[in-house]
Amino acid sequence: MSQPSPSPCPGPGRVSRREMIEIGSSLALGLGLTDLLRAEAGAAPRARRRARPQDQVTPTADSCILIFLNGGPSHLDMWDMKPDAPAEIRGEFRPIASSLPGVQVSEHLPLFARQVHLGTLIRSAHHSVNNSHGAAVYTGLTGHDRGEVGGRAQPTDNPAIGSVVGLHRPPETGIVPFVAMPYITAEGAGGPPQPGFFGGWLGRTHDPLFVLKDPNSPDFAMPELSHPAGVDLARFASRKRLDNVLGTPAGYERDPRLRDVDGFRARAYDLLTAPTAQDAFRIDREDPRIRDRYGRNIYGQSVLLARRLVEAGVRVASISWAPDANATWDTHGNNFKTLKNTLLPQLDAALSSLLDDLQSRGRLDRTLVVVMGEFGRSPKINPAAGRDHWNFGYSLFLAGGGIKAGHVHGASDKIGARPHLDPVTPAEIIATIYQCLGIPADLLLYDQFRRPFTVVPEGRPIAAILA
C-alpha cells in the first residue's frame, strides 16, 4: 500500500511540474509552493457562479471529513449484517450490539459499535453502476449517475464536493479549501486517475491540494509550506512587497499557462505565512498516544491529519482508502480474512478516534463525517471466499454537522440485496452533504465556457436524516 501513486494526467492546457518550475524561476518568485499549487491545479481560469437568493442555505457544518472506502466495502460484514440468512449469505462474522438499541454491527468494529448513536446509518443506498469502479466512484462522489461510462477523470466531469464547497464557501483562514490524501486512486493498478476527486468543469484551479506522502512516515513533512532557505519572515514580507511593485513580466497575460499565476502566487504567500496552515501538517506534534489510537498506518494517520486540517479551516478533507481500485476494499477473494486482519481493525481505530476527538473537542456539531464507498458487496459468497460488486443495495454512515444522531434510515431486504424501505440514491446523499455545508443542490454554476450547470440536478436532501 506504500507504492507510489499515479499523478493526474496533464491533459490539454495542463502545465507539467517541470514546466511550472521553469515558469516560477523565470518569474523570480523563489516560491516552490507556487509551483506546487500551479502544477496541481493547471491552467484553467476560475469558474464563475451566479449569486441568487436561493443560493443561500444556512450551513449546519463548517467542514467535512470524507472517508471514502475505495473499492466497495461489504455492507453485509460491517453494518447491515444478516445473521438469520443462510450461511452462504451471512458469512463468517458475528453481529454485536451497538450503542443504538436494536442495531447491530460487525464484531470486528467494536470501537465503532460504541459510537453508532452519534450519527445515522443509511442501509438503503443504490444506483445503476455495478462493473466499473471509476464510474461508480463518480456516481457516489458527485451524485451524477451516468451508468457504466467514464472510469477515468475527465475535464468535463462534474466537480468534486470539495471543489464546489471551496468555490461557494472559501475558508476564513489562509489555507486551501480542499485537501485529498493519501493517494490519487487509480482505476486499477497502473490505470488512470478515477473521477470524482477533481475540479472537473470548474477548472483545475479547483482541484484539491493532493497530499501524496505517508503521514505515518517518520520523515513526513510538507517542505512546500516553509519559507525559502535563508529567508526569515520579515525578509519574506519585503520580498512580497517588492514583487507587488515589480509585477510579472510583460506579456504574461497572453500565455494561457500563466493566466492565473497571480492567484497561485497569492495562495502561496497565504499558506507560507499562515501559522494555522503550517501547523496543521505538523502531525509529529500530536501526542504519540493519540497517534497510536488512530492506528500507525497510512490511513489512520491520514484520518488524523484530516482532523487537524479541518481544525485549521480546510472545508473538505478527503481520504481515498486505496492506491488503486482493486487494492483494498475490492474483496472478490479472501473477503473475511482481509476484513478481519486488516481493513476493519484499521477503520475501527481511525473512525472511532476521529469521532471521539471531534466530540471531546466540541467540533462534531460543526464537522460532517461521511464514511462510504462506491457500492457494496454481493449477498452470495463466491467460490474464492469473496463477495463481488453490488450496486443494488449498500450502506453508509454520516455523523455530526447537522445529521440526526441515533438514527437508521431505510432497510434492506432479508439478504441485504436491495432496499426494502426508504431507498436513497447518491444524488440524494450528495445533496444532503451539500445542504449541511450550506450549499443548495440546485446551485447554478458556470464552467469555463460560461455554460450553466446545476450541481446536483437529480437530488434533494434526505430530510429524515437531518437534525
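Counting from 1, residues in each chain are numbered in the order their sequence is written. Note on the predicted model: pLDDT of at least 70 is required for a residue's local features to be given, and 80 or more for side-chain atom pairs to be given and counted; whole-chain, interface and lining totals, by contrast, use all residues. Values shown for side chains rest on all heavy atoms present in the structure; no hydrogens or waters enter the calculation.

### Overview of the overall build of the protein chain
Secondary structure is summarised from DSSP: a helix means a run of H or I of at least four residues, a strand means a run of E of at least two, and numbering begins at the N terminus for each. A tally of helices and strands in the protein chain yields 13 helices and 16 strands. Exposure is judged per residue with a 1.4 Å probe applied to protein chains only, and the accessible area is read against the type maximum: over 50% gives exposed, under 20% gives buried, and values in between give partly exposed. With 467 residues in all, the protein chain has 59% of them scored as buried. Two residues qualify as a contact provided that any one of their heavy atoms is within 4.5 Å of a heavy atom in the partner residue. Partitioning the contacts of the protein chain with sequence separation of at least 6, the portion at a separation of at least 24 is 76%. A total accessible area of about 18,200 Å² is found for the protein chain, and carbon and sulfur atoms account for 52% of it. Method for areas: the Shrake-Rupley scheme with a 1.4 Å probe, in which residue coverage is limited to the protein chains shown.

### Concerning unusual backbone geometry
Residues Met 181 and Pro 182 are joined by a peptide bond in cis, for which omega reads -15°. Position of Pro 182 relative to the elements: it lies in the loop between strand S5 (178-181) and strand S6 (209-210). For Ala 385, which is not a glycine, the phi torsion comes out positive at approximately 60°. Its place among the elements puts Ala 385 in the loop between strand S9 (376-377) and strand S10 (389-390).

### Looking at the packing of aromatic side chains
Ring pairs shown here join Phe, Tyr and Trp side chains whose ring centres sit within 6.5 Å, with only the six-membered ring taken for Trp; geometry is labelled stacked below 30 degrees between planes, edge-to-face above 60, and tilted in between. All told, the structure shown has 10 aromatic pairs when counted by the stated rule. Judged by centre distance (4.7 Å) and plane angle (10°), the ring pair of Tyr 299 and Trp 321 falls under stacked. One end of the pair, Tyr 299, is in helix H11 (residues 298-311); the other, Trp 321, is in the loop between strand S7 (316-320) and helix H12 (335-360), and 22 residues separate them in sequence. Here Tyr 299 matches Trp 321 in class, with each residue buried. For Trp 321, a relative accessible area of 0% gives the class buried. One aromatic cluster is present, formed by Tyr 183, Tyr 299, Trp 321 and Trp 329 through successive ring pairs. The criterion for a charge sitting over a ring is simple: Lys NZ or Arg CZ within 6 Å of the ring centre, and within 35 degrees of the ring normal. Geometry around Tyr 138 places Arg 146 over its ring, the cationic atom sitting 3.5 Å from the centre. Its end group placed over the ring of Tyr 446, Arg 450 keeps NZ or CZ at 4.4 Å from the ring centre.

### Description of the state of the cysteines
Put simply, a disulfide is two cysteine sulfurs that come within 2.5 Å. Counted according to the given criterion, the structure contains 0 disulfides. Cysteine Cys 64 is unpaired, with the sulfur of Cys 436 as its nearest cysteine sulfur at 8.8 Å. A residue is classified by how much of its surface remains accessible, and Cys 64, at 2% relative accessible area, is buried.

### Some words on the packing of helix H6 (residues 161-168) against helix H13 (residues 426-436)
Across the interface, H6 lies against H13 with an axial gap of 11 Å and an inter-helix angle of 30°. In terms of their interaxial angle, H6 and H13 are classed as roughly parallel. Handedness of the H6/H13 crossing: right-handed. Contacts between H6 and H13 involve Ile 161, Val 164 and Val 165 on the former and, on the latter, Ile 430, Ile 433 and Tyr 434. Here the residues of the contact of H6 with H13 sort into 6 nonpolar, no polar and no charged. Comment: axis = line fitted to C-alpha atoms, over the contacting stretch for helices; angle = value between 0 and 180 degrees taken between N-to-C directions. Any angle that falls under 35 degrees is termed roughly parallel, while one over 145 is termed roughly antiparallel, one within 65 to 115 roughly perpendicular, and all others oblique. In a left-handed crossing the near helix is turned counterclockwise from the far helix by less than a right angle, and in a right-handed crossing that turn is clockwise. Polar here means any residue outside two lists: the nonpolar Ala, Val, Leu, Ile, Met, Phe, Trp, Tyr, Cys and Pro, and the charged Asp, Glu, Lys and Arg; Gly therefore counts as polar.

### Some points on the packing of H11 against H12
Describing two packed helices takes the angle between their axes plus the distance from one axis to the other. Look at H11 against H12: their axes get within 9 Å of each other, and the N-to-C directions meet at 15°. Taken together, H11 and H12 sit at an angle that is classed as roughly parallel. Along this stretch, H11 crosses H12, giving a crossing that reads as right-handed. Touching Tyr 299, Gly 300, Val 303 and Arg 307 of H11 are Gln 346, Ala 350, Leu 354, Asp 357 and Leu 358, all from H12.

### Structural notes on the nonpolar core
Of all hydrophobic cores here, the largest spans 60 residues; its most connected members are Ile 67, Met 181, Trp 321, Trp 329, Leu 347 and Val 371. Looking at this core, the element that brings in the most residues is H12, giving 10 residues. Setting aside its immediate chain neighbours within four residues, Val 371 contacts Ile 67, Leu 69, Trp 79, Leu 347, Leu 351, Leu 396 and Phe 397. Among buried residues, those of type Ala, Val, Leu, Ile, Met, Phe, Trp, Tyr and Cys that are joined through side-chain atoms within 4.5 Å constitute a nonpolar core. Ile 184, Tyr 394, Ala 427 and Leu 443 belong to the second largest nonpolar core, which has 46 residues in total.

### Some points on H11
To estimate the expected span of a helix, count its residues, drop one, and scale the result by 1.5 Å. The terminal C-alpha atoms of H11, which comprises 14 residues, lie 20 Å apart, in line with the 20 Å expected from a rise of 1.5 Å per residue. For H11, the buried fraction is high: 13 of the 14 residues fall into the buried class. Where H11 begins, the side chain of Asn 297 points an oxygen toward the backbone nitrogen of Tyr 299, at a separation of 3.1 Å. Positive phi shows up at Gly 313, right after H11, with a value of about 115°. Polar contact is defined as a pair of N or O atoms within 3.5 Å, subject to the rule that within protein one atom must be able to donate a hydrogen and the other to accept it, and that residues adjacent in sequence are counted only when both atoms are side-chain atoms.

### A word on the sheet that holds strand S8 (residues 367-372)
DSSP-based pairing: two strands are paired if at least 2 bridges between them are found. With respect to topology, 8 strands assemble into an open sheet ordered S6-S5-S7-S1-S8-S11-S4-S12, the strand pairing being mixed. Whereas interior strands pair on both sides, the edge strands pair on one side only; in this sheet they are S6 and strand S12 (407-409). Here S5 pairs with S6 via 2 bridges, running parallel. When the bridges of S6 are listed, Val 179 appears paired with Leu 209.

### Notes on the confidence of the model for the protein chain
Fine structural detail should not be taken from predicted coordinates in areas where pLDDT scores are low. Each residue carries a pLDDT score, the predictor's own confidence in it, on a scale running from 0 to 100. For the protein chain, per-residue confidence averages 84 on the pLDDT scale, and 77% of positions sit at 70 or higher. Across residues 1-32 the pLDDT falls below 50, and counting only partners more than four positions away or on other chains, this stretch makes 62 contacts in the model. Within the model, the stretch residues 39-51 combines pLDDT values under 50 with 51 contacts to residues more than four positions away or in other chains.

### Examining helix H5 (residues 133-142)
With respect to burial, H5 is a largely interior element, 10 of its 10 residues being buried. Those residues of H5 that sit buried are His 133, Gly 134, Ala 135, Ala 136, Val 137, Tyr 138, Thr 139, Gly 140, Leu 141 and Thr 142. Gly 143 lies just past H5 and shows a positive phi near 85°.

### Re the pattern of salt bridges
Two side chains bearing opposite charge may form a pair once their charged atoms approach each other closely. Every case where a carboxyl oxygen of Asp or Glu lies within 4 Å of a side-chain nitrogen of Lys or Arg is listed as a salt bridge. Following the criterion strictly, the structure yields 21 salt bridges and no others. For Asp 357, the salt bridge identified is with Arg 307, shortest N-O distance 3.0 Å. In this pair, Asp 357 is assigned in helix H12 and Arg 307 in helix H11, connecting sequence segments 50 residues apart. Accessibility assignment for this pair places Asp 357 and Arg 307 in one class, buried. Taking the shortest distance from any N to any O, the salt bridge between Arg 363 and Glu 311 comes out at 3.9 Å. Taken together, the residues Arg 363 in the loop between H12 and S8 and Glu 311 in helix H11 connect sequence positions 52 residues apart. For Glu 311, a relative accessible area of 22% corresponds to the partly exposed category. Where salt bridges share partners, they join Glu 286, Arg 293, Arg 307, Arg 308, Glu 311, Asp 357, Arg 361 and Arg 363 into one cluster.

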